[in-house]
Amino acid sequence: MAATLEQALAPFRNEPIKDFSDAADLAAMEGALAAVKRDFGEKYPLLIDGRRLETDRWIKSINPANPDEIVGLVASASLEQANQAIDAAARRFERWKNVTAWERANYLIKAAQRVRERRFEFDAWLVYEVGKTWPEADGDTAEAIDFLEFYAREALRYDGAHPVEPISGEENELRYIPLGVGVAIPPWNFAFAIMAGITSAAIVAGNTVVLKPSSDSAVTAAKFVDLLESLGLPHGVLNFVPGSGGTIGDALVTNPKTRFISFTGSKEVGLRINELAAKPQPGQKWIRRVVAEMGGKDSIVVAADADLDAAVEGVAVSAFGFQGQKCSACSRAIVDEKIYDEFLKRLKERVSKITVGDPANPRNFMGPVINDNAAKSISRYIELGQKEGRLLTGGRRAGGDGYFIEPTVIADVPPDATISQEEIFGPVLAVIKAKDFDDALRIANNTEFGLTGSVYSTDPRKLDQARDEFFVGNLYLNRKCTGAMVGAHPFGGFNMSGTDSKAGSRDYLLLFLQAKTVSKKIGADDAAERAEGF
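The structure presented is a predicted model; accordingly, all values stated were derived computationally and were not measured.

Caption draft 1: Focus on helix H11 (residues 308-320). With 13 residues, H11 should reach 18 Å at 1.5 Å per residue; the first-to-last C-alpha distance of 18 Å fits that figure. Burial in H11 covers these residues: Leu 308, Ala 311, Val 312, Gly 314, Val 315, Ala 316, Ser 318, Ala 319 and Phe 320. The inward-facing, buried residues of H11 abut strand E12 (298-302), strand E13 (330-336), helix H12 (340-351), strand E15 (408-411), strand E16 (428-434) and strand E18 (452-456). The distance from a side-chain oxygen at the start of H11 to the backbone nitrogen of Asp 309 is 3.3 Å, and the residue carrying that oxygen is Asp 307. Backbone geometry just downstream of H11 places Phe 322 in the positive-phi region, at approximately 50 degrees.

And the structure:
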């Protein structure tokens with residue numbers, strides 16, 4: 001029997017993503033969709049210090065493919081309840097910080113296994129609550145499993161004393177200890193993966209967490225909270241308080257007991273959190289830490305020597321996968337003028353094959369955007385884009401009662417146009433003509449963001465140039481700019497894309513830890529004994 005969990009664990013491997021070509025997977029997913037639908041309309045209370053609390057106000061989580069369907073009703077926390085959650089987390093932290101890394105990691109390993117057992121169920125909730133197609137939903141679930149497995153191993157790696165340079169007459173060591181109470185504010189677009197990732201990373205590092213999920217994906221979060229509670233996670237380690245940002249968001253950030261905030265979402269909200277967190281409150285004893293991932297305006301550069309078919313496929317999949325609602329999505333294709341017309345011809349043909357409709361139907365490549373406000377905002381950008389460029393394809397609301405929008409390509413867009421600069425977060429692609437490769441890289445770097453980017457070229461010198469000059473946190477060469485894998489593609493961006501947190505990396509847990517150095521003076525006898533091996 002292995003002496004430690006670390007010895008018992010196999011090396012980390014990414015969870016394979018299902019393509020549903022297997023008949024058994026297909027049948028299991030159809031069964032899960034039917035079973036989950038029978039649970040529509042259930043209520044999900046708050047969880048504070050192990051107590052389930054119903055409230056006077058409830059958040060309606062709806063199916064964006066059919067807005068008349070209520071996926072679930074989630075309790076909306078009051079200001080008082082938000083502060084109670086922080087207090088509960090602060091009390092539990094005094095004990096949780098002393099729980100061994102082995103025990104904390106074991107909760108994550110068990111959670112990963114439980115998610116595997118309920119994989120199709122979680123996939124189904126993602127299909128219904130946020131409009132993910134089957135492969136996109138399974139990718140989200142697989143990434144959640146990856147985060148749990150990866151961060152469990154990382155917690156064990158950071159445990160114990162770490163080597164420092166030796167000093168004669170001293171015994172020195174460096175250890176990593178947890179921070180305290182954290183507020184986790186995940187987005188709706190990776191409703192399972194990012195929510196589970198930022199929550200579990202903080203917990204396994206020895207912190208306690210108050211989780212405030214997006215109102216658009218609060219049912220998925222509630223299911224994960226229930227799963228952790230069923231594993232015996234001590235009361236108060238994870239507290240669940242959905243609610244509006246205006247009612248409880250600012251209070252959670254500014255509470256003097258809040259030690260750190262982990263946020264993924266829009267630039268505007270991220271900057272406000274950073275500003276609020278920077279101002280100390282009465283009774284606050286620390287400088288709050290903010291971990292923020294705030295989106296992007298991501299470009300794929302297509303050089304004159306690129307494999308054009310591969311580039312067209314990479315652009316189409318990156319731009320329109322999950323309706324363009326990824327911070328890593330390609331929203332700009334920057335194409336060398338020598339191949340520009342041919343690229344547009346092939347791209348239009350490829351995009352015309354994209355099917356749009358209810359994601360519960362596996363034949364659809366695109367589902368709805370997340371809600372009515374998003375649909376209206378995206379439509380306004382499309383209207384503006386037709387003034388700033390030339391509509392190549394799409395541009396309209398698609399059929400059905402849901403929030404469906406056609407995959408839209410707007411060509412001949414100036415590099416400084418609004419649709420070339422602002423994050424749209426929908427199925428809208430701007431195509432920009434570049435004079436040459438140098439000009440293309442210059443355009444690629446002309447936004448305030450710096451998250452992902454991609455370059456298609458068969459010239460190794462151009463790829464090397466992109467490595468040096470394309471200023472993004474995640475650069476991909478001759479492949480799409482979406483689909484970062486935990487461990488293989490540490491994820492996080494520059495500039496207004498956030499704090500370059502590099503989720504899924506060997507650095508990530510350091511964001512939830514602080515280093516403590518301990519130095520002990522040793523006498524001559526102690527030193528001699530150590531030298532002799534006693």
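Caption draft 2: Main features of the sheet that holds strand E14 (residues 390-393). The 7 strands are arranged E14-E15-E16-E13-E12-E18-E19 in an open sheet whose pairing can be described as mixed. Both edges of this open sheet fall to E14 and strand E19 (474-477), since each of them pairs with a single strand only. Averaged over all pairs of adjacent strands, the angle between their axes in this sheet comes to 20 degrees, without regard to strand direction. Sheet analysis places E12 next to E18, joined by 4 bridges and oriented parallel. Within E18, the residue paired with Ile 300 across the bridge is Ser 454. Relative to E16, H12 is tilted by about 165 degrees, and along the sheet it contacts E12, E13, E14, E15 and E16. Helix H15 (residues 437-444) rests against E12, E13, E16 and E18 of the sheet, and its axis sits at about 160 degrees to E13.

Caption draft 3: Quick peek at the packing of helix H4 (residues 101-117) against helix H6 (residues 134-158). Between H4 and H6, the least distance of the axes is 9 Å, while the angle of their chain directions is 165 degrees. It follows from the interaxial angle that H4 and H6 lie roughly antiparallel. For the pair H4 and H6, the crossing hand works out as left-handed. Together, Ala 101, Trp 102, Ala 105, Leu 108, Ile 109, Ala 111, Ala 112, Val 115 and Arg 116 of H4 and Thr 141, Ile 145, Leu 148, Glu 149, Tyr 151, Ala 152, Arg 153, Ala 155 and Leu 156 of H6 make up the contact between the two elements.

Caption draft 4: Structural context of the sheet that holds strand E5 (residues 66-75). In spatial order, the strands read E1-E5-E4; together these 3 strands make up an open sheet with mixed pairing. The sheet is open, and its two edges are formed by strand E1 (42-44) and strand E4 (58-63), each paired on a single side. Here the average twist between neighbouring strands, direction ignored, is 35 degrees. Where E4 lies against E5, 6 bridges are found, and the strand directions are antiparallel.

Caption draft 5: Quick look at H6. Taking 1.5 Å per residue, 25 residues should reach 36 Å; H6 reaches 36 Å between its end C-alpha atoms and fits that length. Of all the 25 residues making up H6, 23 are buried; the element is thus mostly covered by neighbouring parts of the structure. One or two steps after H6, the chain reaches Gly 160, where phi turns positive at roughly 80 degrees.

Reading the values: rules and limits
Residues numbered from 1 in each chain as written. Predicted model: local features only at pLDDT ≥ 70, side-chain atom pairs only at ≥ 80, totals over all residues. Heavy atoms only, no water. Helix = DSSP H or I, 4+ residues; strand = E, 2+ residues; numbered from the N terminus. Expected span 1.5 Å × (residues − 1). Buried < 20%, exposed > 50% of the residue type's maximum accessible area, 1.4 Å probe, protein only. Contact = heavy atoms within 4.5 Å. Polar contact = N/O pair within 3.5 Å; in protein donor to acceptor, adjacent residues only side chain to side chain. Pairing = 2+ DSSP bridges. Axes fitted to C-alpha atoms, helices over the stretch in contact; angles between N-to-C directions. Parallel < 35°, antiparallel > 145°, perpendicular 65-115°, else oblique. Left-handed = near helix turned anticlockwise from the far one by under 90°.

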